[in-house]
Amino acid sequence: GIKNFSPTFRALGDFEVTKLYVEAESLAERGLTKDDLQEIMYEDEDDDWEEKPSIRIISRAEMADVMADQDVVLSF
(Lines give C-alpha, C1' and ligand atoms only; values in the text may rest on other atoms or scores of the structure.)
Protein backbone atom coordinates (compact mmCIF):
# COMPACT_ATOMS: atom_id res chain seq x y z
CA GLY A 1 0.00 0.00 0.00
CA ILE A 2 3.00 2.34 -0.19
CA LYS A 3 3.52 4.50 -3.26
CA ASN A 4 6.62 3.67 -5.34
CA PHE A 5 8.92 6.69 -5.16
CA SER A 6 11.73 5.17 -7.28
CA PRO A 7 11.06 7.33 -10.37
CA THR A 8 11.19 10.44 -8.16
CA PHE A 9 14.72 9.67 -6.97
CA ARG A 10 16.06 9.93 -10.52
CA ALA A 11 14.79 13.54 -10.68
CA LEU A 12 16.63 14.70 -7.57
CA GLY A 13 19.64 15.86 -9.62
CA ASP A 14 17.35 18.35 -11.36
CA PHE A 15 16.86 19.93 -7.93
CA GLU A 16 20.61 19.97 -7.19
CA VAL A 17 20.42 16.98 -4.84
CA THR A 18 23.61 15.22 -5.87
CA LYS A 19 24.60 13.26 -2.76
CA LEU A 20 22.56 10.37 -1.43
CA TYR A 21 24.23 8.67 1.52
CA VAL A 22 23.73 4.98 2.23
CA GLU A 23 25.09 3.36 5.37
CA ALA A 24 27.32 0.37 4.56
CA GLU A 25 26.42 -1.49 7.75
CA SER A 26 22.69 -1.15 7.07
CA LEU A 27 23.17 -2.62 3.61
CA ALA A 28 25.13 -5.55 5.06
CA GLU A 29 22.55 -6.17 7.81
CA ARG A 30 19.93 -6.58 5.07
CA GLY A 31 22.12 -8.76 2.86
CA LEU A 32 22.38 -6.03 0.23
CA THR A 33 25.25 -4.53 -1.75
CA LYS A 34 25.61 -1.35 -3.80
CA ASP A 35 24.62 -3.40 -6.85
CA ASP A 36 21.17 -3.93 -5.30
CA LEU A 37 20.48 -0.19 -5.22
CA GLN A 38 18.81 1.79 -7.96
CA GLU A 39 21.44 3.66 -9.97
CA ILE A 40 20.93 7.40 -9.57
CA MET A 41 23.04 9.83 -11.58
CA TYR A 42 23.34 13.59 -11.83
CA GLU A 43 24.88 15.86 -14.45
CA ASP A 44 27.82 17.84 -13.07
CA GLU A 45 27.60 21.28 -14.63
CA ASP A 46 31.11 22.10 -13.35
CA ASP A 47 32.53 19.13 -15.28
CA ASP A 48 31.03 19.65 -18.76
CA TRP A 49 27.73 18.04 -17.68
CA GLU A 50 29.38 14.65 -17.09
CA GLU A 51 27.04 12.12 -15.50
CA LYS A 52 28.18 11.06 -12.04
CA PRO A 53 26.72 8.73 -9.41
CA SER A 54 24.74 10.32 -6.59
CA ILE A 55 24.93 7.39 -4.15
CA ARG A 56 27.75 7.40 -1.66
CA ILE A 57 28.27 4.35 0.56
CA ILE A 58 29.69 5.41 3.93
CA SER A 59 30.27 3.81 7.32
CA ARG A 60 27.93 4.17 10.29
CA ALA A 61 30.43 6.51 11.98
CA GLU A 62 30.71 8.65 8.84
CA MET A 63 26.89 8.77 8.61
CA ALA A 64 26.66 10.06 12.17
CA ASP A 65 29.14 12.82 11.30
CA VAL A 66 27.29 13.75 8.10
CA MET A 67 23.95 13.91 9.92
CA ALA A 68 25.39 15.97 12.78
CA ASP A 69 26.63 18.57 10.28
CA GLN A 70 23.23 19.08 8.60
CA ASP A 71 20.53 21.66 9.27
CA VAL A 72 17.81 19.32 7.92
CA VAL A 73 17.79 15.52 7.64
CA LEU A 74 15.24 13.60 5.58
CA SER A 75 15.15 9.89 6.34
CA PHE A 76 13.60 7.35 3.95
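What comes next concerns the included structure. Because the structure is predicted, anything quoted here is derived from the model rather than measured.

A closer look at the pairing of strand 3 (residues 50-53)
So, step 1. Relative to strand 3, strand 2 (residues 41-44) runs antiparallel, the two being bridged by four bridges. Paired with Glu43 across the two strands is Glu51, which belongs to strand 3.
So, step 2. Connecting strand 2 to the next strand, strand 3, in antiparallel fashion are five residues, including Asp48 with a positive phi near 55°.

As for the environment of Lys19
So, step 1. On the secondary structure map, Lys19 appears in the loop between helix 1 (6-10) and strand 1 (20-23).
So, step 2. When the C-alpha atoms of Lys19 and Ile55 are compared, they prove to be 6.0 Å apart, with 36 residues separating the residues in sequence.
So, step 3. Excluding residues that lie within four positions of it along the chain, Lys19 makes contacts with Ser54 and Arg56.

Description of unusual backbone geometry
So, step 1. The residue Asp48 is not glycine, and still its phi comes out positive at about 55°.
So, step 2. With respect to the helices and strands, the residue Asp48 is situated in the loop between strand 2 and strand 3.
So, step 3. A relative accessible area of 69% means that Asp48 is categorised as exposed.

Regarding a negative patch on the surface
So, step 1. A surface patch of negative charge is lined by Asp14, Glu39, Glu43, Asp48, Glu50 and Glu51.
So, step 2. With respect to the helices, strands and loops of the structure, Glu50 is situated in strand 3.

A closer look at the side chain of Asp44
So, step 1. Position of Asp44 relative to the elements: it lies in strand 2.
So, step 2. Those residues within four positions of Asp44 in sequence are excluded, and the remaining contacts are Trp49, Glu50 and Lys52.

Concerning the nonpolar core
So, step 1. Grouped together as the largest cluster of nonpolar side chains are five residues: Leu20, Val22, Leu27, Ile40 and Ile55.
So, step 2. Apart from the residues within four sequence positions on either side, Leu27 is in contact with Val22, Leu32, Thr33, Lys34, Leu37 and Ile57.

Notes on the pattern of salt bridges
Pairing is possible between side chains of opposite charge, provided their charged atoms come close.
So, step 1. Across all of its chains, the model carries five salt bridges by this definition.
So, step 2. Among the ionic pairs, Glu29 bridges to Arg30, the shortest N-O distance being 3.9 Å. Residue Glu29 shares its accessibility class with Arg30, and that shared class is exposed.
So, step 3. With a closest N to O distance of 3.0 Å, Lys52 and Asp47 form a salt bridge.
So, step 4. With a relative accessible area of 32%, Asp47 lands in the partly exposed category.

The rules we used
Residues numbered from 1 in each chain as written. Predicted model: local features only at pLDDT ≥ 70, side-chain atom pairs only at ≥ 80, totals over all residues. Heavy atoms only, no water. Pairing = 2+ DSSP bridges. Helix = DSSP H or I, 4+ residues; strand = E, 2+ residues; numbered from the N terminus. Contact = heavy atoms within 4.5 Å. Buried < 20%, exposed > 50% of the residue type's maximum accessible area, 1.4 Å probe, protein only. Patch = residues over 30% accessible without salt bridge, like charges linked within 9 Å, V, L, I, M, F, W, Y side chains within 5 Å. Areas by Shrake-Rupley, 256 points an atom, 1.4 Å probe, with all protein chains shown as cover. Salt bridge = Lys/Arg side-chain N within 4 Å of Asp/Glu carboxyl O. Lys, Arg positive; Asp, Glu negative; His and termini not counted. Charge placed at Lys NZ, Arg CZ, Asp CG, Glu CD. Core = buried A, V, L, I, M, F, W, Y, C linked by side-chain atoms within 4.5 Å.

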